[in-house]
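One letter stands for each residue in the lines below.
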Amino acid sequence: MYKSIVLTTLILLSIPVISQEGVRRSFFIPDVNGYHVLKADLHTHSVFSDGMVWPSFRIEEAWSEGLDIIAITEHIEYRPNKTDVNGDHNRSFDIAKEYAEKAGIMVIPGSEITRRMPPGHFNALFVTDANKLDVPDWKEAFREAKRQGAFIFWNHPGWKAQQPDSAQWMPEHQMLFDSGYMDGIEIANYGEWYPSTLRWALNKNLTMLGNSDIHGAIFQQYEIQKGKHRPITLIFANNNTTAEIQKALMEKRTAVLFDGMVIGRKEWLNPMITSIIDITPCPSASSSSEIKILLENRSDIDIVLQPTSQSISNGIIYPVVLPARSKAFLSLRLKNENMKAASSHTIKMAVENWHTDEISEFTMELVFKR
Ligand SMILES: [Zn+2]
Ligand SMILES: [Zn+2]
């Protein structure tokens, strides 16, 4: 008997261990103005409210997609699985935290204050005891969240179920804003983005966020295997400590990645596109009538540069397609003697799908030097 146990153990030990976790995809965006660009989803659910998965699965998904930070923000007021999953409002975070530490990603404590419109749904992050948000008066829930030092943002402000006509800023939202109970706003949530909320964020100086609000499995909704992503909040941070992330969110150091689009403030998108695209002169390939440069996309996000009226007048009429981690040549024809005499030329191209406001085109400058 003893011999057979030893033999079985030896056989089991000799079988190679196969990891169950799969691979972590590369999701690189170069540093911007000396800050790291951290990828966060700050609005998700698990079975502890009305989600379909266990909290540890949220960590596995985020790890596989290449994310750095996640928040599992269970509804305080809506817990349809309560009979079967009866932990308190902090339990989901406690479970997730254990797995997140092993995976090396950050999980932020948070809850979704889930009320009828107005004021609708809000996420309170960095709360220290989510149970204390479970109170009848919604105003008191906000007060309590702030007493705990929360960062609070308005979720899916254009959600048709609560705002059927268009996203409206109501007196209750003004009251929350005036009281300092609204720090940020979701520009994108799940499958949609709300251009009008981009205007609100700019006018009222709110932090911009983009999150999945996922209830099922991420792979069912987004083609992660093809390099696509859930909506993501990009956070420009010095490091990945909780204190720094909270500071970065309060200081509005964010941009939003949504369905191939990048949405954010000019002060972040300008240096971000410059750090993503490297420009190298190609003197050996240039001639007296043409300057050639090599463009390199250093990031894992696809970039397309579109001609502007200025570039068209200079003969650049085709888009420059730069998929993740790719390079492409671009030539500028020197059409007259003045152009031939100049030592460098600055040409504007529009960055497709990048938005800093609702109307204007977002452009970057390409410098052509010999
Ligand atoms: Zn919600
Ligand atoms: Zn939600």
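Residues numbered from 1 in each chain as written. Chains lettered and ligands numbered in written order. Predicted model: local features only at pLDDT ≥ 70, side-chain atom pairs only at ≥ 80, totals over all residues. Heavy atoms only, no water.

Q: With reference to specific residues and values, describe the side chain of Ser49.
A: Note that Ser49 resides in the loop between strand E1 (36–44) and helix H2 (55–65). The exposure class of Ser49 is buried, given its relative accessible area of 0%. A polar contact is formed between the side chain of Ser49 and the side chain of His45, at a distance of 3.2 Å. Non-local contacts of Ser49, meaning those with residues more than four positions away in its chain, are made with Glu74, His75, Tyr78, Arg79, Pro80 and Asn81. (Helix = DSSP H or I, 4+ residues; strand = E, 2+ residues; numbered from the N terminus. Buried < 20%, exposed > 50% of the residue type's maximum accessible area, 1.4 Å probe, protein only. Polar contact = N/O pair within 3.5 Å; in protein donor to acceptor, adjacent residues only side chain to side chain. Contact = heavy atoms within 4.5 Å.)

Q: Could you give me a rundown of the coordination of the zinc ion (ligand 2), with the residues and numbers involved?
A: Looking at the zinc ion (ligand 2), the protein donor atoms are His43 (NE2), His45 (NE2), Glu112 (OE) and Asp213 (OD), and they sit 2.1 to 2.3 Å from it. Between the donor residues of the zinc ion (ligand 2), the gaps in sequence give the motif H-x1-H-x66-E-x100-D. Separating the zinc ion (ligand 2) from the zinc ion (ligand 1) is a gap of 3.5 Å, which Glu112 spans by donating to each of them. Residue His43 is found in strand E1, and its partner Asp213 is found in the loop between strand E10 (207–211) and helix H7 (218–221); the two are separated by 170 residues along the sequence. (Donors = N, O, S within 2.8 Å, 3.2 Å for Na, K, Ca; no water.)

Q: If you had to explain the pairing of strand E16 (residues 303–307) to someone new, which residues and values would you point to?
A: Of all five residues in E16, four are buried; the element is thus mostly enclosed. Where E16 lies against strand E19 (residues 344–351), three bridges are found, and the strand directions are antiparallel. The partner of Gln306 across the bridge, within E19, is Ala350. (Pairing = 2+ DSSP bridges.)

Q: With reference to specific residues and values, describe the coordination of the zinc ion (ligand 1).
A: For the zinc ion (ligand 1), the full set of protein donor atoms is Glu112 (OE), His121 (ND1) and His156 (NE2), at a range of 2.1 to 2.2 Å. Between consecutive donors of the zinc ion (ligand 1), the numbers of intervening residues give the motif E-x8-H-x34-H.

Q: Give me the nonpolar core: which residues, what numbers.
A: Core analysis: the biggest nonpolar cluster contains 48 residues, and Met272, Ile301, Ile303, Leu305 and Trp354 have the highest contact counts within it. Among the elements that take part in this core, helix H9 (residues 266–276) stands out by supplying five residues, more than any other. Domain assignment of the residues forming this core places at least three in each of domain 1 (20–263) and domain 2 (271–369). If we ignore the near neighbours within four places in the chain, the residues touching Leu305 are Ile277, Leu295, Pro319, Val320, Met349, Ala350, Val351, Met364 and Leu366. Ala130, Ala141, Ala150 and Leu176 belong to the second largest nonpolar core, which has 33 residues in total. (Core = buried A, V, L, I, M, F, W, Y, C linked by side-chain atoms within 4.5 Å. Domains from an automatic or database assignment.)

Q: If you had to explain the packing of helix H4 (residues 138–147) against helix H5 (residues 171–178) to someone new, which residues and values would you point to?
A: Between H4 and H5, whose axes approach to 12 Å, the crossing angle comes to 25°. Comparing the axis directions of H4 and H5 gives the class roughly parallel. Once H4 is placed against H5, the crossing between them reads as right-handed. Taking contact as the criterion, the partners of Trp138, Lys139 and Phe142 in H4 are, on H5, Glu172, Met175 and Leu176. (Axes fitted to C-alpha atoms, helices over the stretch in contact; angles between N-to-C directions. Parallel < 35°, antiparallel > 145°, perpendicular 65-115°, else oblique. Left-handed = near helix turned anticlockwise from the far one by under 90°.)

Q: Give me the lowdown on the domain arrangement of the protein chain, citing residues and values where you can.
A: By a widespread convention, an interface's size corresponds to the accessible area lost as its parts come together. Domains assigned within the protein chain are domain 1 (20–263) and domain 2 (271–369). Between domain 1 and domain 2, the C-alpha centre-to-centre distance is 36 Å. Of the residues lining the interface, 20 residues belong to domain 1; the matching set on domain 2 comes to 15 residues. Summed over the three residues of domain 1 that lose the most area to domain 2, namely Phe28, Pro30 and Val262, the buried surface amounts to 34% of that side. (Buried area = accessible area lost by both parts, 1.4 Å probe.)

Q: So what's going on with a nonpolar patch on the surface? Residues and values would help.
A: Together, Ile312, Ile317 and Tyr318 give the surface a local cluster of nonpolar side chains, amounting to about 340 Å² of exposed area. In this fold, Tyr318 is placed in the loop between helix H10 (309–313) and strand E17 (320–322). (Patch = residues over 30% accessible without salt bridge, like charges linked within 9 Å, V, L, I, M, F, W, Y side chains within 5 Å. Areas by Shrake-Rupley, 256 points an atom, 1.4 Å probe, with all protein chains shown as cover. Salt bridge = Lys/Arg side-chain N within 4 Å of Asp/Glu carboxyl O.)

Q: Explain the packing of H2 against helix H3 (residues 91–103) to me, and be specific about the residues and the numbers.
A: One way to put it is that H2 packs onto H3 with a least axis distance of 8 Å and a crossing angle of 35°. Crossing hand, H2 versus H3: right-handed. Residues Pro55, Ser56, Ile59 and Trp63 of H2 form the contact with H3, whose participating residues are Ser92, Ile95, Ala96, Tyr99, Ala100 and Ala103. Of the residues belonging to the contact of H2 with H3, the class tally is eight nonpolar, two polar and no charged. (Nonpolar A, V, L, I, M, F, W, Y, C, P; charged D, E, K, R; others polar.)

Q: Can you explain the environment of Val135? Please cite residues and give values.
A: One can find Val135 in the loop between strand E6 (121–125) and H4. Residue classification places Val135 among the partly exposed positions, given a relative accessible area of 23%. Sequence separation of Val135 and Glu77 is 58 residues, and the distance between their C-alpha atoms is 9.0 Å. Each residue touching Val135, except ones within four places of it in the same chain, is listed here: Arg115, Glu140 and Ala141.

Q: An account of the sheet that holds E1 is requested, with residue identities and associated values reported.
A: Read from one edge of the open sheet, seven strands run E4-E2-E1-E11-E12-E13-E20, paired in mixed fashion. The open sheet is flanked by strand E4 (106–108) and strand E20 (354–355), the only strands paired with a single partner. Pairing between strand E13 (residues 261–264) and E20: two bridges, direction parallel. Across the sheet, the residue bridging to Ile263 is His355, located in E20. Against the sheet, H3 touches strand E2 (69–72) and E4, its axis set at about 170° to E4.

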